[in-house]
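# A structural walkthrough
Here is what each chain is made of, one letter per residue.
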Amino acid sequence: MTPEERLKLITRNTVEIVTLEELRSKIEAGEKLKGYLGFEPSGLFHIGWLVWANKVKDLVDAGIEFYLLAATWHAWINDKLGGDMELIRKAARHVVDVLEAIGVDKAKLKVVDAEDLVSDKEYWAILLRVAKNNTLARIKRALTIMGRRAEEAELDFSKLIYPAMQVTDIFYLDLDIALGGLDQRKAHMLARDTAEKLGRKKPIAIHTPLLTGLQGIGRMNPSMVDEEQHAVEFKMSKSKPETAVFVYDSPEDIEKKILRAYCPAREVKFNPIMEINKYLLFARPGFKLVIERPEKYGGTIIVESYEELEKLYIEGRLHPLDLKKATAKALIEMLEPVRRYFEQNREARETLEELKKAAITR
Ligand SMILES: Nc1ncnc2c1ncn2[C@@H]1O[C@H](COP(=O)(O)OP(=O)(O)OP(=O)(O)O)[C@@H](O)[C@H]1O
Ligand SMILES: N[C@@H](Cc1ccc(O)cc1)C(=O)O
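Residues numbered from 1 in each chain as written. Chains lettered and ligands numbered in written order. Predicted model: local features only at pLDDT ≥ 70, side-chain atom pairs only at ≥ 80, totals over all residues. Heavy atoms only, no water.

The name that an unreviewed UniProt entry assigns to the protein chain is Tyrosine--tRNA ligase, with the source organism given as Pyrodictium delaneyi. Regarding the protein chain, the UniProt comment filed under Subcellular location (unreviewed entry) reads as follows: "Cytoplasm". Regarding the protein chain, the UniProt comment filed under Subunit (unreviewed entry) reads as follows: "Homodimer." (UniProt positions renumbered as here; feature names shortened; annotations may be inferred.)

### Notes on the sheet that holds strand β2 (residues 34-39)
Strand order across the open sheet formed by six strands is β1-β6-β5-β2-β3-β4, with mixed pairing between neighbours. Looking at strand neighbours, the two that pair on one side only are β1 (16-18) and β4 (109-113), the edges of this open sheet. With direction set aside, neighbouring strand axes in the sheet form an average angle of 20 degrees. Where β1 lies against strand β6 (residues 204-208), three bridges are found, and the strand directions are antiparallel. The residue of β6 that forms the bridge with Glu-16 is His-207. (Pairing = 2+ DSSP bridges. Helix = DSSP H or I, 4+ residues; strand = E, 2+ residues; numbered from the N terminus. Axes fitted to C-alpha atoms, helices over the stretch in contact; angles between N-to-C directions.)

### As for the environment of Gly-199
Its place among the elements puts Gly-199 in the loop between α10 (185-198) and β6. With 191 residues separating them in the primary sequence, Gly-199 and Lys-8 have C-alpha atoms 30 Å apart.

### Describing the packing of aromatic side chains
Summed over all chains, the structure comprises twelve aromatic pairs. Centre to centre, the rings of Trp-49 and Trp-52 are 5.4 Å apart; their planes meet at 45 degrees, and the pair counts as tilted. With Trp-49 and Trp-52 both in helix α3 (residues 47-61), this residue pair falls three residues apart, about one helical turn. You can call Trp-49 buried: its relative accessible area is 13%. Overall, Trp-52 belongs to the buried group, its relative accessible area being 8%. Judged by centre distance (6.4 Å) and plane angle (65 degrees), the ring pair of Phe-282 and Tyr-306 falls under edge-to-face. Pair noted here: Phe-282 is in the loop between α13 (272-281) and β7 (289-291) and Tyr-306 is in helix α14 (residues 306-314), with a separation of 24 residues, a long-range link. (Phe/Tyr/Trp six-rings, centres within 6.5 Å; stacked < 30°, edge-to-face > 60°. Buried < 20%, exposed > 50% of the residue type's maximum accessible area, 1.4 Å probe, protein only.)

### Some remarks on helix α1 (residues 3-11)
Residues of α1 that are buried include every one of Arg-6, Leu-7, Leu-9 and Ile-10, and no others. End-on, the buried residues of α1 take up no more than an arc of 165 degrees, which puts them together on one face. Buried residues along α1 sit in contact with α2 (20-28), α3 and β6. Where α1 terminates, the next one or two residues include Asn-13, which has phi positive at roughly 55 degrees. (Arc of directions from axis to C-beta. Contact = heavy atoms within 4.5 Å.)

### Observations regarding the site of ligand 2
Ligand 2 sits among Tyr-36, Gly-38, Glu-40, Leu-69, Ala-71, His-74, Ile-145, Tyr-162, Gln-166, Asp-169 and Gln-184. Within the side chain of Gln-166, one N or O atom sits 2.9 Å away from a nitrogen atom of ligand 2. Asp-169 is positioned with one of its side-chain polar atoms (N or O) 2.5 Å from an oxygen atom of ligand 2. Expressed as a share of its isolated accessible area of 350 Å², the protein-covered part of ligand 2 is 88%. Elements that contribute at least two residues to the shell around ligand 2 include exactly β2 and α9 (158-172). The dominant element in the shell around ligand 2, judged by the number of residues it contributes, is α9, at three residues. (Near = heavy atom within 4 Å. Polar contact = N/O pair within 3.5 Å; in protein donor to acceptor, adjacent residues only side chain to side chain. Areas by Shrake-Rupley, 256 points an atom, 1.4 Å probe, with all protein chains shown as cover.)

### Examining the site of ligand 1
Among the 19 residues in the neighbourhood of ligand 1, the closest are listed as Asp-183, Lys-235, Ser-237, Lys-238 and Ser-239. Gly-48 is positioned with one of its backbone polar atoms (N or O) 3.4 Å from a nitrogen atom of ligand 1. The protein chains hide 95% of the 600 Å² of surface that ligand 1 would expose on its own. Among the secondary structure elements, those contributing two or more residues to the shell around ligand 1 are α3 and β5 (177-181). Its residues placed into classes, the shell around ligand 1 shows six nonpolar, eight polar and five charged. The residue makeup of the shell around ligand 1 includes at least three contributed by each of domain 1 (3-208) and domain 2 (222-246 + 250-334). (Nonpolar A, V, L, I, M, F, W, Y, C, P; charged D, E, K, R; others polar. Domains from an automatic or database assignment.)

### Re the domain arrangement of the protein chain
You can read the domains of the protein chain as domain 1 (3-208) and domain 2 (222-246 + 250-334). A straight line from the C-alpha centre of domain 1 to that of domain 2 covers 28 Å. Each partner contributes residues to the interface: domain 1 has 22 residues there, and domain 2 has 20 residues. Here domain 1 and domain 2 share an interface that buries about 1,700 Å² over both sides, 62% of which is from carbon and sulfur atoms. Among the residues of domain 1 in contact with domain 2, His-46, Ile-47 and Arg-149 are the three that bury the most area, contributing 35% of the side total. Inspection of the domain 1/domain 2 interface yields four salt bridges. Where Lys-186 meets Glu-228, a salt bridge forms, and the shortest distance between an N and an O atom there is 2.7 Å. Among the elements of the structure, α3 and α10 are those that each provide at least two residues to the side of domain 1 that touches domain 2. The element best represented in the side of domain 1 that touches domain 2 is α3, accounting for six residues. Here the residues of the side of domain 1 that touches domain 2 sort into seven nonpolar, eight polar and seven charged. (Buried area = accessible area lost by both parts, 1.4 Å probe. Salt bridge = Lys/Arg side-chain N within 4 Å of Asp/Glu carboxyl O.)

Next up, the structure:
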């Protein structure tokens, strides 16, 4: 791959790179780069997570040495899975299974557990230096990276340590690239600013878009919803299963969920069905959306690009129900390999069943 091709692969389907110039210069200089993504292993894998999972695949394919951090202690701080560490570890293994199911080369992923980091005393020395160089106000503002508002740390001091841990993870692993959804920006900016103060490597942040939950934004006016409110209240989230399509949902469930989803006519902003098309379906080169309609409603059409779909929808030339039916069909097809993977892998299936049970009983 030429440097230009690598850069194209790394940057496609992202919403923000901080900064592109830094990335370009490292790629052009042929530097060996280390990247990571951290996730809270806390349950089932929804299609919002596929947005970053596809990016992990791109980065691995572009030759980035890639770390996947199972943020087990972070999930524990964030009250996930009732604080049951055994289950949290299982949830971490499950994420690796899904990545394998979508075609990420497992041999090229370096999976690390937060446990491995915190058991080294050097980790805590870095954490104290991070804390020493930041104000309480800045740390509080960063709490949205764990899907919480600042007030939520009032009764639980460990929550205030979380943002400093996330920054410490980046320094401890000595990373060049930090990948995450857009809601992780505050952690990455904190890491970049703190890196300057501590004379450490300043990570390049790569952000992927956040998929809105199936419930949409209700009666809110889309232009009144800011990024932060979207990240905390409206994004698809495994803590709110009714907002999510899970990657191993049956075709019937996928169809039912999509048909029930929020999908206002002519509106594309925060419309989860349009976003599924933009961030997942059309994100794959060569994808075409086949919309089957009776002749009296305009007949079958084949949409070749997301831009074309958006134009049709905004102009009212595509009815939400037709869009939903076509999207459900395409999504069912896209997720077929994942369903097959779980059918064929007993161990992966058993872990999944256990997590499903835990999700229901908690
Ligand atoms: N709806 C979404 N669309 C795209 N990316 C997402 C979405 N939700 C979370 N992410 C990304 O997934 C990674 C892990 O996030 P996180 O563990 O907070 O997921 P979550 O589903 O919101 O979980 P929880 O419901 O437990 O808070 C982060 O990089 C985050 O930006
Ligand atoms: N804050 C991330 C999880 C995470 C934890 C630690 C990290 O180093 C990175 C990411 C989330 O909620 O999804």
